[in-house]
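Results of the structural survey
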Amino acid sequence: MVLEDLFARLNEAGYKNWLKAGYCLLKVKDGLCGFADSEMRYFHNTVIQNNFVLQRRQRCRSSCRPRGNQFESACPLCNEWKREILRHHTKPSGVINWGNCRPWLWPGQHWELAKAFMPRGLADLSRADECDAAALLNLLHFCDHFSFINQSLITEVIRCRNELMHSCEMQVSNEWMARFQKSLEQLLLTLRHVPEVAAAGQQIQEMLSVDLSLHIPGVDSVDGANMDGVLIESISQCETDLLRESLRDLLNNSELEGNHITLVKLQNVHRFLSSHKDLEEQFRTELQSLRVLEAQQLQGVKPDNAERGL
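Residues numbered from 1 in each chain as written. Predicted model: local features only at pLDDT ≥ 70, side-chain atom pairs only at ≥ 80, totals over all residues. Heavy atoms only, no water.

Moving on, we come to helix H3 (residues 76-88). Owing to its 3.6 residues per turn, the α-helix brings residues three or four apart onto one side. Look at H3: 19 Å from first C-alpha to last across 13 residues, which is about the 18 Å you get at 1.5 Å a residue. Within the span of H3, buried status applies to Leu 77, Cys 78, Glu 80, Trp 81, Lys 82, Glu 84, Ile 85 and His 88. On the buried face of H3, the contacting elements are helix H2 (13-49), helix H4 (110-114) and helix H5 (133-142). (Helix = DSSP H or I, 4+ residues; strand = E, 2+ residues; numbered from the N terminus. Expected span 1.5 Å × (residues − 1). Buried < 20%, exposed > 50% of the residue type's maximum accessible area, 1.4 Å probe, protein only. Contact = heavy atoms within 4.5 Å.)

Okay, here's the thing in structure tokens:
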């Protein structure tokens, strides 16, 4: 029954596009993961070697911890690390997600340094392979170590990724897909010397060139060709990963957006998941969180509705 539900969703061209685009982003993550890890290891060592204070490789003994996005430390060592992060951040006057960081680990763990350049909500992650494409792309954009990459190409892929994840209907048009494909190709071309990136680019091309139509035993097929070499189970897992990432984005960022915008997103995502029995069961916990947020947002917008006579 679960496979039949997925099969039915793939009848929707817009949803099929959404799923294919999300698959491409998962492959972008796979391609960038090792590259970003090795580059940040090199960057971490370079920062230490070029800073007399950090060369001692001492660890914080003052239990310095961020408070949300604020990090005011009395510890000279952590202040020195903070100074280096700001010096190498491409937007030091903007919001820096200090809450991602465990400062006492900065001297010994390069990925703790990397998280200072990433979106919020990554405090519990400690390795590159635990990050999604958005985290890695933001690292490439906000850390000046990666200034050798054309930044406009990175920002375009980030913009497409955000549009995809924030699509409450989980659908994108063919025109959007064409723009997305072009932006991916241009970015990956600049890193084609990285074997993992080249492999990811090949997999992305293969996905974008096929019609994501599947034959399931006992169920009539939709129009289009079979997707040779791709198992339905892997597509189902891809869908799960993408929906979970989209939900994580929504839940993490709900308090950062206006009430009306957030409420519409919550209601649409809630409606989508609830209308598919397999997804409703699979995301039972997340749906409960959505209901709580939805209730909070409704309370927040009631005064505005009353003022407008609604």
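In this description, a pair of aromatic rings is defined by centroid distance and the angle of the planes. As enumerated under the stated definition, the model contains ten aromatic pairs in all. Note on Tyr 15 and Trp 18: the rings are 5.6 Å apart at their centroids and 25° apart in plane angle, and the pair reads as stacked. With Tyr 15 and Trp 18 both in helix H2 and three residues apart, this pair spans about one turn of that helix. The structure contains a cluster of three or more aromatic residues connected by ring pairs, namely Phe 71, Trp 81, Trp 98 and Trp 106. The ring centre of Trp 98 lies 5.7 Å from the NZ or CZ of Lys 82, which sits over that ring. (Phe/Tyr/Trp six-rings, centres within 6.5 Å; stacked < 30°, edge-to-face > 60°. Lys NZ or Arg CZ within 6 Å of the ring centre and 35° of its normal.)

Once that is clear, we can look at the confidence of the model for the chain. Overall, the prediction assigns the chain a mean pLDDT of 84, with 86% of residues at 70 or greater. Between residues 215-229, whose pLDDT stays under 50, and residues either more than four places distant or in other chains, the model counts 28 contacts. Across residues 301-310 the pLDDT falls below 50, and counting only partners more than four positions away or on other chains, this stretch makes four contacts in the model. (pLDDT = per-residue confidence, 0-100.)

Before going further, it helps to examine the pattern of salt bridges. Inspection of the entire model under this criterion finds 20 salt bridges. Of the charged contacts in the structure, one is a salt bridge between Arg 102 and Glu 112, with a shortest N-O distance of 2.6 Å. Here the residue Arg 102 occupies a position in the loop between H3 and H4, and Glu 112 occupies one in helix H4, the gap between them amounting to ten residues. The exposure class assigned to Arg 102 is partly exposed, which follows from its relative accessible area of 23%. Two residues, Glu 163 and Arg 179, come together in a salt bridge whose shortest N-O distance is 3.2 Å. Of this pair, Glu 163 sits in helix H6 (residues 151-165) while Arg 179 sits in helix H7 (residues 174-190), and the two are 16 residues apart along the sequence. When salt bridges with common partners are traced through the structure, they connect Glu 80, Arg 83, Glu 84 and Arg 87 into a single cluster. (Salt bridge = Lys/Arg side-chain N within 4 Å of Asp/Glu carboxyl O.)

This part takes up the packing of H2 against H7. In the contact formed by H2 and H7, the axes pass within 10 Å of each other and the chain directions differ by 10°. In terms of axis orientation, H2 runs roughly parallel to H7. By crossing handedness, the relation of H2 to H7 is classed as left-handed. Across from Asn 17, Lys 20, Ala 21, Cys 24, Leu 25 and Val 28 in H2, the residues of H7 making contact are Asn 174, Trp 176, Met 177, Phe 180 and Leu 184. Across the contact of H2 with H7, the residue classes tally to eight nonpolar, two polar and one charged. (Axes fitted to C-alpha atoms, helices over the stretch in contact; angles between N-to-C directions. Parallel < 35°, antiparallel > 145°, perpendicular 65-115°, else oblique. Left-handed = near helix turned anticlockwise from the far one by under 90°. Nonpolar A, V, L, I, M, F, W, Y, C, P; charged D, E, K, R; others polar.)

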